[in-house]
Amino acid sequence: DSGGLERCARCDRLVGTEYARRQHPDVKVLALRRRWPEGPICSGCFAAAMETYGVCDGCGADRLLPGVGTEGQRWCTDCGGGLGDFTCTRCGREGWREHTGVCGWCVLGDHVKELLDDGTGCIRAELVPLATLILSMKRPRSGIRWLSRPEPRGIFRALGSGQVPLTHEGIHSLPPLRSSIYIRDLMVTAGILPPVD
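Below is a short write-up of the structure. (Residues numbered from 1 in each chain as written. Predicted model: local features only at pLDDT ≥ 70, side-chain atom pairs only at ≥ 80, totals over all residues. Heavy atoms only, no water.)

## What about unusual backbone geometry?
The test is simple: A run of DSSP states H or I qualifies as a helix once it reaches four residues; a run of E qualifies as a strand once it reaches two. Both are numbered from the N-terminal end. Exposure is judged per residue with a 1.4 Å probe applied to protein chains only, and the accessible area is read against the type maximum: over 50% gives exposed, under 20% gives buried, and values in between give partly exposed.
Cis geometry marks the peptide bond from Pro 175 to Pro 176, where omega comes out at -10°. Its place among the elements puts Pro 176 in the loop between α8 (168-172) and α9 (177-189). Of note in the backbone geometry, Asp 12 takes a positive phi value of approximately 70° without being a glycine. Its place among the elements puts Asp 12 in the loop between β1 (6-7) and β2 (14-16). Take Asp 12: its relative accessible area is 48%, and that puts it in the partly exposed class.

Below, the structure written as structure tokens:
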């Protein structure tokens, strides 16, 4: 008896419902995220599927490709059959839904707008290239997790509100140093600050 545990159809790791996972505390069991035509899909394989884009081997459309064929074909949700609708209700883009109906890029955009707000409800004008750079991430979930940490949140709020000048020295005055150096490097990449040695 497997005790409610199954194998992910893609990676062959053990998956189960929350109840099944509690019944096996001594075994590494991933969350059962979806049940697709090919079988149960673990949380890791589902996340990878929601970040795979390209030209569908079935219909030739350039879009989200969560489906995998028996011979390794990459399929869109339509050609994969029964995978679901992952279209964002706000922007119309297909992908990972961070909240009900809302994709990761929209949620990431909300966070960036909130943190870089100049006090008028808009992103501080000088920081728009930084916002654009952050929003160009391939994996918005990584950005959302990063921006949920207190260190970058505090630095971005200070920059957006103008508490410190947009200079290398100004950014270095913001703790913690490791986070401020990373954000400074992003600002150099975005063209807001000149490079430094």
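Moving on from the model shown.
## Side note on the side chain of Arg 153
Going by this rule: What makes two residues a contact is simply this: any of their non-hydrogen atoms within 4.5 Å.
Tracing the chain through its elements places Arg 153 in helix α7 (residues 150-161). In this structure, Arg 153 is in contact with His 111, Glu 114, Leu 115, Leu 147 and Ser 148, ignoring residues within four places of it in sequence.

## Notes on helix α6 (residues 140-147)
A large share of α6 lies buried, amounting to 6 of its 8 residues. Here α6 has its buried residues at Pro 140, Arg 141, Gly 143, Ile 144, Trp 146 and Leu 147. For α6, the elements touching its buried residues are α2 (43-49), β9 (97-99), α4 (104-115), α5 (128-135), α7 and α9.

## A closer look at the pattern of salt bridges
A side chain with one charge may pair with a side chain of the opposite charge, provided their charged atoms come close. Our working rule: Here a salt bridge means any side-chain nitrogen of Lys or Arg lying within 4 Å of a carboxyl oxygen belonging to Asp or Glu.
In this structure the tally under the stated criterion is 13 salt bridges. Salt-bridge contacts for Arg 141 lead to Glu 51; the nearest nitrogen and oxygen are separated by 3.2 Å. With a gap of 90 residues between them, Arg 141 in helix α6 and Glu 51 in the loop between α2 and β5 (53-55) connect regions that are remote in the sequence. Using a relative accessible area of 21% as the deciding quantity, one classes Glu 51 as partly exposed. A salt bridge links Arg 153 to Glu 114, with the shortest nitrogen-to-oxygen separation between them at 3.0 Å. One end of the pair, Arg 153, is in helix α7; the other, Glu 114, is in helix α4, with 39 residues separating them in the sequence. Connected through salt bridges with shared partners, the residues Glu 51, Arg 139 and Arg 141 form a single ionic network.

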